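A structural walkthrough
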Amino acid sequence: MKSQKEEKKIVSDSGIEIKPVYTALQHPMSELPGQYPFTRGVHATMYRDRLWTMRQYAGFSTAEESNKRYHYLLSQGTTGLSVAFDLPTQIGYDSDHAMAEGEVGKVGVAIDSLKDMEILFSGIQLENISTSMTINATAFILLAMYIALAKKQGADLKKISGTVQNDILKEYAARGTHIYPPKPSMKLITDIFEYCSKELPGWNTISVSGYHMREAGCTAAQELAFTLSNGKAYMKAALDRGLDINVFGRRVSFFFNAHNNLLEEVAKFRAARRMWASITKELGATDPRAQMLRFHTQTGGSTLTAQQPMNNIVRVTMQALAAVLGGTQSLHTNGYDEALSLPSESAAAMALRTQQIVAYESGVAQTVDPLGGSFYVETLTDELEIEARKYMEKIEAMGGAVPAIEQGYVQEEIARASYLYQQQVERQEKIIVGVNQFVHEEALPDSVMTIDDSIRQSQIEKLNGLKQQRHADAVKEKLGQLKSCATEGRNVMPVVIEAVENLATLGEISDVLRSVYGEYR
């Protein structure tokens, strides 16, 4: 007779039953890294030849303050920049707009014009650095500013590298920083695809993001399903535009979350590569580079606790290890104090050191796919794919990701998963160290960052000065051309670049398109 302990059923957050021991593989292990379907990694040698990009996400206050942080991070060994923008910038308002009050510079850097972009990257040659920009509804404007700055620096646009997130579907599903309705938003995304395929061939034109849906509460299997469904929708939109999947498909990247369940997260990343390879092949991709799922990872912000914040260093280390064991192409590690505020300089340095210790001291980068062949990891990879495909089949039956979001299906599934998880925490079925177990009182860190509301006034003064110095007639002309371009359904990227070069502001450009497309509510 089995004991009560032996009979206890354990399931993952994705509802997958976890056996006490695994003793066999479900299929032979003949696949090699760098070969379709890329379960074991997109490159044959992976980190033996080149480590992942250590890309620390940063941006706060003014362009001047963020520029100081970038130079600090570069001096400490970061190998790529990642820009956080404040909420007004994300939703298309200049800092002097009434809607921007109380938010300027708070969760990212305020960028109103090309002048701010010049300050943000002062002393940094764009041709020599890879930059990721976490921006969606206004992605085309920020990319236009980046291109305009690169041109001013005399850079070869063919050598410019980086990523613009440009993923609006997850905004409707989980995050809410959208401006325009889905159809015109999808059109703006494919405008970027089309423009960059010709002018910026080294630029990743979208980072399909599961991160924010996971932050909102979805499971690992749901993160896989909803992210890949969104990616499929973008691919279909580009194909409908007449673009070549073997060209634009190479520049599609992904952005995943790394949570605390180490081995489930490793399996998730492996399953994602295999699933995406199959999806792109079905859509007609024949070039292996268009079938590869390349991804950036950020450690889980929602897993960080305000209680006992130093414990977060351990959490972030586990999550970083999961991302690396899962084969990430770039990685951001969160600061231990981010449940309290924007990361302090010391916390940002510790986060970067965490990556460097994993890279140089742990030994996990010495061989490719170190957990490949593990009975448990291989089985979990298969089972996560099965669970994810169940969700994807439901989404396909609704007509794809856009209709599924419009009908509220994705939002409801995320909310349900988040609610169930919170119930488990409150019942202590899930232990959060320092929160619902092993609790003790302690003082908050002394180095918590705050952003003064006076930042908004300094941005307004810069805007007023900009408008007095620029050629108003030239700005008016370019904004008029943009309105005509949008109304006629042409690619807006060339005229947006000209508009920002003439110092049209982010808010002015966004308002022109609001007048054409309307707003999504």
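Quick note: structure is the one above.
Attention in this report is confined to the structure presented alongside it. Predicted model only: the values in this text are computed from it and were never measured. (Residues numbered from 1 in each chain as written. Predicted model: local features only at pLDDT ≥ 70, side-chain atom pairs only at ≥ 80, totals over all residues. Heavy atoms only, no water.)

Assigned secondary structure in the chain consists of 21 helices and 11 strands. The C-alpha radius of gyration of the chain comes to 23 Å, within 12% of the 24 Å expected for a compact globule of 521 residues. In terms of principal-axis extent, the alpha carbons of the chain reach across some 85 × 55 × 45 Å. In the chain, buried positions account for 58% of the 521 residues. Considering only intrachain contacts with a sequence separation of at least 6, the fraction spanning at least 24 residues in the chain is 79%. Accessible surface computed for the chain: about 21,500 Å², of which carbon and sulfur atoms make up 51%. Here the chain contributes 53 positively and 62 negatively charged side chains, and the mean placements of these two sets differ by 5 Å. (Helix = DSSP H or I, 4+ residues; strand = E, 2+ residues; numbered from the N terminus. Rg over C-alpha atoms; globule rule 2.2 N^0.38 Å. Buried < 20%, exposed > 50% of the residue type's maximum accessible area, 1.4 Å probe, protein only. Contact = heavy atoms within 4.5 Å. Areas by Shrake-Rupley, 256 points an atom, 1.4 Å probe, with all protein chains shown as cover. Lys, Arg positive; Asp, Glu negative; His and termini not counted. Charge placed at Lys NZ, Arg CZ, Asp CG, Glu CD.)

Turning to the pattern of salt bridges, a few remarks are in order. Evaluation of the coordinates by the stated rule reveals 35 salt bridges. Across the salt bridge formed by Glu378 and Arg270, the nearest N and O atoms sit 2.9 Å from each other. Placement of Glu378 in helix 15 (residues 375-397) and of Arg270 in helix 11 (residues 262-282) is noted, with a sequence separation of 108 residues between them. Residues Glu429 and Arg427 are paired through a salt bridge, measuring 2.6 Å at the closest nitrogen-oxygen approach. Exposure remark for Arg427: the relative accessible area of 47% places this residue in the partly exposed category. Because the salt bridges share partners, they merge into one network encompassing Arg40, Arg270, Asp369 and Glu378. (Salt bridge = Lys/Arg side-chain N within 4 Å of Asp/Glu carboxyl O.)

A few words on the packing of aromatic side chains. Here the distance between the centres and the angle between the planes together describe a pair of aromatic rings. All chains considered together, the criterion is met by 16 aromatic pairs. With a centroid separation of 4.9 Å and an interplanar angle of 5°, the aromatic rings of Tyr211 and Phe255 are classed as stacked. Of this pair, Tyr211 sits in helix 8 (residues 211-215) while Phe255 sits in strand 9 (residues 252-258); the two residues are 44 residues apart in sequence, bridging distant segments of the chain. Like Phe255, Tyr211 is buried. Site record: aromatic cluster; members linked through ring pairs are Phe254, Phe256, Phe269, Trp276 and Phe295. One cation-aromatic arrangement involves Lys281 over Tyr36; the distance from NZ or CZ to the ring centre is 4.6 Å. (Phe/Tyr/Trp six-rings, centres within 6.5 Å; stacked < 30°, edge-to-face > 60°. Lys NZ or Arg CZ within 6 Å of the ring centre and 35° of its normal.)

This next bit is on helix 14 (residues 345-361). In an α-helix there are 3.6 residues to a turn, and that puts residues three or four apart on one side. Relative to the 24 Å expected for 17 residues at 1.5 Å per residue, helix 14 spans 23 Å between its end C-alpha atoms, a close match to the ideal helical length. Among the residues of helix 14, those classed as buried are Ala347, Ala348, Ala349, Ala351, Leu352, Thr354, Gln355, Gln356, Val358 and Ala359. Elements in contact with the buried residues of helix 14: strand 3 (53-58), helix 2 (63-75), helix 13 (311-325) and strand 11 (330-332). One or two residues past the end of helix 14 sits Gly363, with phi positive at roughly 85°. (Expected span 1.5 Å × (residues − 1).)

Once that is clear, we can look at the pairing of strand 5 (residues 130-134). Counted residue by residue, strand 5 has 5 buried out of 5 residues, so it is predominantly covered. Bridging between strand 4 (residues 80-84) and strand 5 involves 4 bridges; their strand directions are parallel. Its bridge partner being in strand 5, Leu81 is matched across the sheet by Thr131. With 4 bridges connecting them, strand 5 and strand 6 (residues 161-164) associate as parallel partners. For Ser132, the partnering residue across the bridge sits in strand 6 and is Thr163. Taking the sense of rotation as the criterion, the β-α-β connection linking strand 5, helix 5 (residues 139-152) and strand 6 turns out right-handed. (Pairing = 2+ DSSP bridges. Right-handed = clockwise from strand over helix to strand, strands pointing away.)

In this section: the side chain of Asp382. With respect to the element layout, Asp382 can be found in helix 15. Not counting residues within four places of it along the chain, the set of residues in contact with Asp382 comprises Gln26, His27 and Arg274.

Counting residues in each nonpolar core, the largest one holds 141 residues, and the members touching the most others are Phe121, Met133, Phe140 and Ile509. By residue number, the principal contributor to this core is helix 5, which donates 12 residues. Each residue touching Phe121, except ones within four places of it in the same chain, is listed here: Asn67, Leu81, Val83, Leu126, Thr131, Tyr146, Leu149 and Gln153. Within the second largest apolar cluster, 6 residues are counted, among which are Phe60, Ala100, Val104 and Ile451. (Core = buried A, V, L, I, M, F, W, Y, C linked by side-chain atoms within 4.5 Å.)

Bringing the packing of helix 5 against helix 21 (residues 506-517) into the picture now. At their nearest, the axes of helix 5 and helix 21 sit 10 Å apart, and the two run at 140° to each other. In terms of orientation, helix 5 and helix 21 fall into the oblique class. Helix 5 and helix 21 meet at a crossing whose hand is right-handed. Contacts from Phe140, Ile141, Leu142 and Met145 in helix 5 reach Leu506, Ile509, Ser510 and Leu513 in helix 21. Partitioning the contact of helix 5 with helix 21 into residue classes produces 7 nonpolar, 1 polar and no charged. (Axes fitted to C-alpha atoms, helices over the stretch in contact; angles between N-to-C directions. Parallel < 35°, antiparallel > 145°, perpendicular 65-115°, else oblique. Left-handed = near helix turned anticlockwise from the far one by under 90°. Nonpolar A, V, L, I, M, F, W, Y, C, P; charged D, E, K, R; others polar.)

Among the surface-exposed residues, Leu25, Met29 and Phe375 lie close enough to one another that they form a single nonpolar patch of about 220 Å² accessible area. Mapped onto the secondary structure, Leu25 falls in the loop between strand 2 (17-18) and strand 3. The exposure class assigned to Leu25 is partly exposed, which follows from its relative accessible area of 31%. (Patch = residues over 30% accessible without salt bridge, like charges linked within 9 Å, V, L, I, M, F, W, Y side chains within 5 Å.)

For any two helices packed against each other, one specifies the crossing angle of their axes together with the interaxial distance. Viewed as axis vectors pointing N to C, helix 5 and helix 7 (residues 182-199) meet at an angle of 25°, and their least axial separation amounts to 10 Å. Classified by the angle between their axes, helix 5 and helix 7 sit roughly parallel to one another. Facing helix 5, whose interface residues are Ala139, Phe140, Leu143 and Ile147, helix 7 presents Leu188, Ile192, Tyr195 and Cys196. Looking at the contact of helix 5 with helix 7 residue by residue, the class counts come to 8 nonpolar, no polar and no charged.

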